[in-house]
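Breakdown of the fold
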Number of protein chains: 2
Amino acid sequence: MTGSQPSKTSGVTRCLAQFLVDSRFTDIPREVRHEARRSLHNWVGCAVGGSRDPAVATALAAVREYSGPPQASVLGRGDRLDIMTAALVNGIGSHVDDFDDTQQRRIIIHPAGPVVAAILALAEHRGAGGEEFLHALILGVEVECRVANAVYPYYDVGWMTTSTAGVLGAAAAAGRLLRLDATQMTWALGIAVTQAAGLRVHPGTMTKSFNVGSAAQRGLLAALLAAGNFTASEQGIEGTHGFAEVMGDNPRLSVVTEGLGETYEISYNTYKAYPCGMVLFPIIDGCIQLREKNELDPGQIERIDLQVNPLVLDLTGEMSPRDGLEAKFSFNHAVAAAFTCGAVGVSQFIDAFVQNPKIAALRARVTVRADPSTERDAAAIAVVTKDGRTLSVRIEHCHGSLAHPLSDGDLDAKFRGLVKETLTEDETEALIRLCWSVDSVDDAGMLARATVPADAA
Amino acid sequence: MTGSQPSKTSGVTRCLAQFLVDSRFTDIPREVRHEARRSLHNWVGCAVGGSRDPAVATALAAVREYSGPPQASVLGRGDRLDIMTAALVNGIGSHVDDFDDTQQRRIIIHPAGPVVAAILALAEHRGAGGEEFLHALILGVEVECRVANAVYPYYDVGWMTTSTAGVLGAAAAAGRLLRLDATQMTWALGIAVTQAAGLRVHPGTMTKSFNVGSAAQRGLLAALLAAGNFTASEQGIEGTHGFAEVMGDNPRLSVVTEGLGETYEISYNTYKAYPCGMVLFPIIDGCIQLREKNELDPGQIERIDLQVNPLVLDLTGEMSPRDGLEAKFSFNHAVAAAFTCGAVGVSQFIDAFVQNPKIAALRARVTVRADPSTERDAAAIAVVTKDGRTLSVRIEHCHGSLAHPLSDGDLDAKFRGLVKETLTEDETEALIRLCWSVDSVDDAGMLARATVPADAA
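On a predicted model such as this, the values are computed, not experimentally measured, just so you know.

A few words on the interface of chain A and chain B. Taken together, the contact pairs 61 residues of chain A with 61 residues of chain B. Carbon and sulfur atoms supply 67% of the area that chain A and chain B bury against each other, a total of about 4,500 Å² over both sides. Our enumeration of links across chain A and chain B arrives at 23 residue pairs in polar contact (both at pLDDT 80 or more). Every element with two or more residues in the side of chain A that touches chain B is listed here: α3 (54–63), α4 (83–95), α5 (112–126), α9 (182–193), α10 (207–227) and α11 (243–247) of chain A. With 9 residues, the top contributor of residues to the side of chain A that touches chain B is α10(A). Among the residues making up the side of chain A that touches chain B, the classes are represented as 29 nonpolar, 26 polar and 6 charged.

Here it is, written out as C-alpha cells:
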C-alpha cells in the first residue's frame, strides 16, 4: 500500500469538494443528463420490485420501532420512516433482486443504489427541484466511480465497492442537495470515508443488499453532520491513514480529479437485462438463443459446455444453490433456467424454482472452462444433445452491455415487469413518465410518493 | 493478506457465537467482574464529562430531527433519542476528551466505548438486569479485543480498531442482551463485519470520536437485524472476502477462539490518568515530578529534552496545535501544560489555553528523541535551566499503566472531576455507588437516567 502521491494530487479531497460545489447543471451535456434519467428509471423499477422481497420486510420490521418521524416513503409500500432509515430500506430493496445497474469501466460497481436511496429520501423531506435532484445524482455517481477506480485494483480484494465507494457518492450527492460549502463538503467526504465498509462475504444472504442500503444511510448521515459543521479531516481520501492509504492497493489518486467536468462516469452506466450478476448475461443470452433456434427441450440435453471469462467462476461459482438468493451466484442455475423457461426473470430465482429437482438435474449437466481471453460480456456455449448433435453459439456482447445496451423501450418493459404486482397500469405509466421527466418537476420527492400504490398510501 | 487458516480455525465465527450464547455469568471470576465495573465506572464518567463538548452538541443538533422515539438518554443531558441515535451520541461523548480506557496487550484499543454505548441504550429501552448487563459488557470487550488482536498487526496500518473491531464487540454485547441464538449471533457478527469501518485520518477533529459512536450504533443495528432474522454470512470473520481476509494483515484466526472463557481481555483494561493518548502519560508524569521536586517555574526553563517510545511521535507529533483537539496529539503541548500547571486535565486542552502565547513559547523549547528500547509506558525527561542546571527523571511505568493502574479511589476522584460541572455532589456520589454495584440492580437502564441532572431531566 502506498501513501500520498506527488504534489499535484495532494488535496484531492478539497479539489473534489470544490468541483461538487461549483458544478452547474447547464454544463452537463444533454446525453449525460439522459443517461442519468435512465439510471434513475432503472433504479426506481428495481426498488419498487425489490420492495416485495423478504429482505425488505425483515429489515423494516427490525428497525421500524427505532425510526424517527415519517419523513420519507419506503418505495412501493405505505410505510414512512425518517430519511436515514428510509434510505437504508430503499437501498436494500433496490439491490435485492440483483437487477440494478452496473458500471464496469474499470471496477464493477452498481452506482445508482447508494446515491438515489439517499437523495430521494432527502428530497422527499427537505424538498428539491427536479433539476438539482438529477444533478446531484450525476455528481454522486461521478464521485463513487472515480474514487473506486482510483483506490481499488482492477479486480478488488473483497470490498463491495458499491458500498465502500458508494458511501462517498451518497455523501456527495446529499451534500450537494444540502448546499454544503466546499469546506463542509470536505468534511462530508471525510465522515463518509470513515464509514466506508462493506464486504463481499455475504452472497446469498440479505446482508449483500444491506451493504447498499447502509452506504446510502451512512452517506446521508455524513452530509447531514457536515451541514451542521461537524468537523472531519479535510484530507479524508489522500491523507495519512486515510481512505486511499488504508483501503487501497496501489491507489492512483490522480484518477479522482483528472478531467473532472470533462467526462461523466454515469455515461458508462449499464442496466441489467436479467436479475443476476452481469457476468451471467452472455451465458443466458446464448442459452436462450440456442433454445429458440433449435426448439430444444431440456430433456434432450446431454451436456452443456461453457467457455467464459474467469470472473464468472469467481463471482457465480455456487454450483448447488439452495434458494433463490444463492442461485443468483450460480452460473449453472442461470443455464438451467434459460434452457427450461426461455427467459430469466425474477421468477427464475424464487426458492421453489431453484429447489425443483428437474432444475437441479439440468444444473448438474453443465461444465465450465474459464478463459482469460473471453471478455466479460462474451461467452461461448455448446450443447451436446442426447441424440449426439452439438449445437453451439458465441455471444460477443451480451444484452445489457455497454456495446449492446437496453434501449429506453427495453427499460420501460423491464420497469413494467418489475412493478406489475405492486402498481396499477395507470400508476405504472405515470411513474415511468415521471422518471423520464424528473428534471422538469418542481418537487423531486413526488417520485417517491408516486411509487406507493394508492391502496397502501 | 492471507485467506482461510487450517481446519481447526475454520468456523471461528460460529465458535465465537456459540461461546457468546453459552457463557454464564457465574463462570466469570470475581476479579474480572470487578474490572468490568471499573471499566463501566470510567466510561460513565467520561461520557458525562464529554457530554459538554461541542462535538456532542453538534452531532445532537444535526441528527435530532431524524431520531425515533425517546427510548434512551443522552448521558449528562436531558435529551432522549431512539436507542441507535443515543448510542451514536453517547459513544462520541465518551471518547471526545480522550480520557477513556485503553487496552494494549497487543494492539491499542479503547474497548468500553462502542460496547457500553450500545448496551446501555438498549438496556434503558428494553430492560436488562444488572448482572446480564455487566456480563454483556465483559463479552463485548472479549470479542473486540480478540478480533482486533487476531486480525491487525502489532501496530495497525490506519484502521481505528476501537471502531473496526468495536462494531463486533457492540454487536456481540447487544446480541447477548437480546438473547440471540447461536445462528442469529453469527448473523449479528456478519452484519457487524460488513459495517467495520473507521480511519485514523481524523485526529484533532470531531470525527475521531464519531468513529466510536458510529461503531456502537452500527453494532446495535447488527444485533437488532439479526434478532429479526435478517440473514448474513455465517463465516463473516474467516470466510472468503470476510473480515480477516480483507481487513487483515497476516491474520491469526486462532487468536479469536483459543482459550475462550479461560482468560478475559477486560482484565487487561487500563484507565487514563490524563485526557490524552496514553503514550503521553510517562512524559506528563515526569514533567510534573520535576516541577514539584525542583519548584521549577516555566520561566526558568531553557530546554526540555525527551527520550520516548517511537509511538509518541507517530501518534502525537503535532508540534504546533491550533486548538484543544489538536493539542491532544501534541507531545510538546503535554510538556508545556505539565510544567505550567503541575497538572494535566481537561482544562489544559481548551482552545484558549492551547492558544496562549506563553504555552506556545514553552512548547517551542521541547526536543524529542524516539528510542525503540523505551517502553510505551516509560520516558526519560531532562530539563536544562537558564542558570545552567540539568534536572532529569526517568519514568518506568506511568500512572494509568497496567503496572501502575489507577486505584478504585483514583477512579472515583477522576469521575468527580469529570462530572463536577454537570451533576450535584449528591447526584455524583449516587452515580458512583451505582457504577460499583451495577450487577446487583434489577434495571441497568437506571444507570443512564442517573447521569441526567435533575434540572435537565
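The subject of this paragraph is the environment of Leu40(A). All names here are of chain A. Mapped onto the fold, leucine 40 is located in helix α2 (residues 30–50). Along the chain, leucine 40 and glycine 113 lie 73 residues apart, while their C-alpha atoms are 9.4 Å from each other. With residues near it in sequence (within four places) discarded, leucine 40 still touches Val116, Phe133, Leu137, Cys435, Val438 and Leu447.

This paragraph deals with the side chain of Thr316(A). Residue and element names in this part refer to chain A. Mapped onto the secondary structure, threonine 316 falls in helix α14 (residues 311–316). Of the polar contacts made by the side chain of threonine 316, one reaches the backbone oxygen of valine 312; its length is 2.4 Å. Apart from residues no more than four positions distant in its own chain, threonine 316 is found in contact with Val279, Leu280, Leu311, Lys328, Phe329, Ser330 and Phe331.

Here we come to the sheet that holds strand β8 (residues 390–395) of chain A. All names here are of chain A. Ordered in space as β6-β5-β7-β8, the 4 strands form an open sheet in which the pairing is mixed. Two strands in the sheet have a free side with no partner beyond their single neighbour: β6 (366–370) and β8. Each strand axis lies, on average, 15 degrees off the axis of its neighbour in the sheet, ignoring direction. With 6 bridges connecting them, strand β7 (residues 379–385) and β8 associate as antiparallel partners.

Okay, the pattern of salt bridges next. Counted under the stated rule, the structure contains 39 salt bridges over all chains. Ionic pairing is found between Lys208(B) and Asp98(B), a salt bridge with its closest N-O pair at 2.6 Å. Note that Lys208(B) is positioned in helix α10 (residues 207–227) and Asp98(B) in the loop between α4 (83–95) and β3 (101–102), a separation of 110 residues in sequence. With respect to burial, Lys208(B) and Asp98(B) carry one shared label: buried. For Asp100(B), the salt bridge goes to Lys272(B), with nearest N and O atoms at 3.8 Å. Of this pair, Asp100(B) sits in the loop between α4 and β3 while Lys272(B) sits in the loop between β4 (270–271) and α13 (281–294), and the two are 172 residues apart along the sequence. Given the relative accessible area of 3%, Asp100(B) is considered buried. You can call Lys272(B) buried: its relative accessible area is 1%. What you see here is one network of salt bridges that share partners, running through Glu35(A), Arg38(A) and Asp408(A).

The rules behind each value
- Residues numbered from 1 in each chain as written.
- Chains lettered and ligands numbered in written order.
- Predicted model: local features only at pLDDT ≥ 70, side-chain atom pairs only at ≥ 80, totals over all residues.
- Heavy atoms only, no water.
- Contact = heavy atoms within 4.5 Å.
- Buried area = accessible area lost by both parts, 1.4 Å probe.
- Polar contact = N/O pair within 3.5 Å; in protein donor to acceptor, adjacent residues only side chain to side chain.
- Helix = DSSP H or I, 4+ residues; strand = E, 2+ residues; numbered from the N terminus.
- Nonpolar A, V, L, I, M, F, W, Y, C, P; charged D, E, K, R; others polar.
- Pairing = 2+ DSSP bridges.
- Axes fitted to C-alpha atoms, helices over the stretch in contact; angles between N-to-C directions.
- Salt bridge = Lys/Arg side-chain N within 4 Å of Asp/Glu carboxyl O.
- Buried < 20%, exposed > 50% of the residue type's maximum accessible area, 1.4 Å probe, protein only.

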